[in-house]
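# Residue-level structural notes
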Amino acid sequence: MSLPQHAGLDTALDYRYGEALSPGQLVRVPLGRREVLGVVWASELLSEEEAQALKPVQALLPLPALDAGWRRLVAFAAGYYQRGLGEFALQALPVGLHQATPAALQRRQRAMPQVAHSVGAAGLASEPPMLNEAQLAAVAAVCAQFEPGAARPPLLLWGVTGSGKTEVYLHAAAEALARGLQVLVLVPEINLTPQLEARFAARFGAERLVTLHSALTPARRLRHWLAAHRGEAQLVLGTRLAVMASLPRLGLIVVDEEHDASFKAQDGARHSARDLAVLRAAQAEVPVLLGSATPSLETWQHSLSGRYHRLDLPQRVNAAPLPAIRLLDTTRLPRSKGVAQPPMAQALIDAMEQRRLRGEQSLLLLNRRGYAPVLQCGACAWKSDCPHCSAWRVFHKGDRTLRCHHCGFTEPVPKRCPDCGNTDILPVGRGTERLAEQIGEWLPQARVLRLDADTTRAVGSLEAQLAQVHAGEVDVVVGTQMIAKGHDFRRVSLVAALNPDTMLFSSDFRAPERLFALLLQAAGRAGRAGGGGEVWIQTGQPQHPLFQALLRSDYAGFASQQLEERQAAGLPPFAHLALLRADSREQLQARDFLAACAELGQQLAPELSWYPPVPHPVARVANQWRWQMLVESPHRPPLQRALQAWMPEVLQLARQHRGVLRWAIDVDPSGI
Ligand code: ADP
Ligand code: ZN
Ligand code: ZN
């Protein structure tokens, strides 16, 4: 008699195997003509006859089984985000594991260094500082949650840059390690936080720490994943994908910069790693610590309602003052000739020069890559639109191209206007490339460095450029929001934001929240070491409540004003949303599909709000039309129930609407 086993694939598929397998065991199974990775989900005794109808499990992988905690998390996440169990489970496992044969895994594991579990084996490399009172209270609140039977509300650690949050993470982690437990630390972008990794490694020893993020080679990521799965790595520091790491002795989860948008996946299962971290901690009965200077409004609202427990770090360590913030009213600046030149305050240029003369650095934030966002003919109405998208193509002067930032379509800049033949084609507006060039003209002696996705594409180039900044070889750094995050620039004493208003008037309801976080985080870059840091903001709306709250560094005031608006508008955290997206070749095919879906939803759950489809903010990309429709519910459970009933119907409808190229459901979308 054989004991057939079920291995989880897209929806669980059945396979047979000659002896008992336990749930969570990793196997290789045939699927069509391929052999793929599978996870045993459940097993069942079948008759010989039934068993013979099934394909056999090809091989067992020589690894410990994925534990019940991991499987519970996957099962919840798949259900919540409306994905197949197998799809979610397999996506949560590293690519290297999908390709590994049993023999290769055996070899790999024999080669892995055995890391001692015992505490102190690695020795403490850096001496921790004496904590201040607020830090002590925060660490004590985490430690209380290690006790069996303790209440474990998620903990929000609220404090500005430099208030000592990381030091709290380190102390809480030390306590978890002392108890023989594993610690998971989630960060928004690993490339931008080498300093955090360095601090953990310095405190606990690099050999106890592994990183998990998408920039690792598949082999390395597999090695790190295995170290976590086998319990050898005591600290796992990673980006959003690390939330699904297998951690058999998980004892603490930390989410740094918990408000950051990059915790929300924008493809695949579109899950929120922050939300899954909170859920995982609750399931595993371990503390979760969410750190931020500008918490997401969801988290903030939970802390106000008492569901989360807030821990405040009200002051910067060593009482270093927050930088002074100054608003520059662009409507009062003299307009330069024509529309082609956005304004730039002379006072700001002078301030940069002063810093340079003092050997300090300035950091200019401009959220727009390229030289100019659009080229325009001086004689006719021609503009550099993309033939494949509803968007302008951006002028990149370095290689004299017009590039579409949506579909990638790139062409050399035309010498003459394609419509009228005029040679007088002008760049309109300003991107980072143009700003860097202009600063070179305004301040000929300044050494200017541009940091954005275009200058950091090559492997290692970001690190090299950051090293230049740290070494003081640069006077002015020009960059997109990537420069606002995480870097500890000790010589920067002036930070300026040049075009924040574009975010202020975005159609996305989360844009103000993001802008406030970005500006306060950027402000945190000014004068971390000493006092005297300044933040300048060029805006046409200096009276806007967001900027007024920013002047006072008043996150709480900003949050309460935003929460009022959200409540009045029926938006998160006072409502729960799901967004169904669809793309089609013809303009109206996706719309018609979504309209049919909305109608069906309306019948299934009339108590929810089913909105008609609307075009995506960039309605056409690469010749495909993008539409979306929104479902809204004041409470989560009815939304979950409705989605459960609705998705099979959507699947049916998608089969009937042949023109739909792809569609996806996004539960708790990051914006609409
Ligand atoms: P945050 O994570 O909130 O930006 P950090 O934990 O990085 O703050 O602290 C800022 C700086 O102050 C770091 O250099 C850190 O080593 C130092 N620091 C933190 N807490 C203390 C303390 N209690 N005593 C002395 N220095 C501290
Ligand atoms: Zn023309
Ligand atoms: Zn395009």
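Check the entry above for the structure.
Quick look at the structure, then. (Residues numbered from 1 in each chain as written. Chains lettered and ligands numbered in written order. Predicted model: local features only at pLDDT ≥ 70, side-chain atom pairs only at ≥ 80, totals over all residues. Heavy atoms only, no water.)

### So, the coordination of the zinc ion (ligand 3)
Just so we agree on the cut-off: Listed donor atoms are N, O and S within 2.8 Å of the metal (Na, K and Ca: 3.2 Å). As water is not included, a site may look incomplete. Numbering of helices and strands runs from the N terminus; a helix is a DSSP stretch of H or I covering at least four residues, while a strand is a stretch of E covering at least two. Exposure is judged per residue with a 1.4 Å probe applied to protein chains only, and the accessible area is read against the type maximum: over 50% gives exposed, under 20% gives buried, and values in between give partly exposed.
At 2.3 to 2.4 Å from the zinc ion (ligand 3) lie its protein donor atoms, namely Cys386 (SG), Cys389 (SG), Cys404 (SG) and Cys407 (SG). Each donor residue of the zinc ion (ligand 3) belongs to the same chain, and together they define the spacing C-x2-C-x14-C-x2-C. With cysteine 389 in the loop between β16 (374-377) and β17 (394-396) and cysteine 404 in the loop between β18 (401-403) and β19 (410-412), the pair connects residues that are 15 residues apart, well separated along the chain. We classify cysteine 389 as buried; its relative accessible area is 3%.

### Re the packing of helix α6 (residues 133-144) against helix α7 (residues 165-178)
Formally: An axis is simply a line fitted to the C-alpha atoms; with a helix, the fit covers only the stretch in contact. Between two such axes, the angle follows the N-to-C directions and lies from 0 to 180 degrees. Handedness of a helix crossing follows the sense of rotation of the near helix relative to the far helix, less than a right angle counterclockwise being left-handed and clockwise being right-handed. By definition, residues are in contact when any of their heavy atoms lie within 4.5 Å.
Remark: α6 packs on α7, axes separated minimally by 9 Å, with the N-to-C direction vectors making an angle of 35°. Every pair of crossing elements has a handedness; the one defined by α6 and α7 is right-handed. Only Glu167, Val168, His171, Ala172 and Glu175 of α7 make contact with α6, whose side of the interface consists of Gln135, Ala138, Val139, Val142 and Cys143.

### Quick look at the nonpolar core
Rules: We call a set of buried Ala, Val, Leu, Ile, Met, Phe, Trp, Tyr and Cys residues a nonpolar core when their side-chain atoms join them within 4.5 Å.
Membership of the largest hydrophobic core comes to 80 residues, with the highest contact counts inside it found for Leu26, Leu93, Leu97, Phe593, Met629 and Trp646. For this core, the element with the most residues is helix α20 (residues 636-656), which contributes eight residues. In contact with tryptophan 646, other than residues within four places in its own chain, are Leu580, Cys597, Ala598, Leu600, Gly601, Leu604, Trp610, Met629, Val631 and Ile665. Residues Val495, Ala523, Val535 and Leu550 belong to the second largest nonpolar core, which totals 42 residues.

### Thoughts on helix α10 (residues 273-284)
Test applied: To estimate how far a helix should reach, multiply one less than its number of residues by 1.5 Å.
Its 12 residues place the ends of α10 16 Å apart at the C-alpha level, agreeing with the 16 Å of an ideal helix rising 1.5 Å per residue. All of the buried residues in α10 are Ala273, Arg274, Leu276, Ala277, Val278, Arg280 and Ala281. Following α10 by one or two positions, glutamate 285 has its phi on the positive side, about 55°.

### Some points on the site of ligand 1
Inclusion rule: Summary of the distance rule: residues count as near a molecule or strand when at least one heavy atom falls within 4 Å of that molecule or strand. Under the convention used here, a 1.4 Å probe and the Shrake-Rupley method define accessible areas, while residue burial counts only the protein chains that appear. Under this grouping Gly is polar, as are all residues other than the nonpolar Ala, Val, Leu, Ile, Met, Phe, Trp, Tyr, Cys and Pro and the charged Asp, Glu, Lys and Arg.
Contacts to ligand 1 come from 16 residues, most closely from Met130, Gln135, Gly162, Thr166 and Arg199. Contact with the protein chains removes 76% of the 550 Å² of surface that ligand 1 exposes when unbound. Take the shell around ligand 1: its biggest share by element is three residues, from α7. Residue composition of the shell around ligand 1, grouped by class: five nonpolar, seven polar and four charged.

### A closer look at the coordination of the zinc ion (ligand 2)
Condition: For four-coordinate sites, all angles between 85 and 135 degrees define a tetrahedron; for four- and six-coordinate sites, opposite donors beyond 155 degrees with the remaining angles between 65 and 115 define square planar and octahedral shapes respectively, and all other cases count as irregular.
For the zinc ion (ligand 2), every protein donor is listed as Cys377 (SG), Cys380 (SG), Cys417 (SG) and Cys420 (SG), and the spread of their distances is 2.2 to 2.4 Å. Considering all four donor atoms around the zinc ion (ligand 2), the spread of angles at the metal, 103 to 114°, places the coordination shape in the tetrahedral class. One chain supplies every donor to the zinc ion (ligand 2), and in sequence these donors are spaced C-x2-C-x36-C-x2-C. On the criterion of sequence distance, the pair formed by cysteine 380 in the loop between β16 and β17 and cysteine 420 in the loop between β19 and β20 (425-428) is long-range, its members being 40 residues apart.

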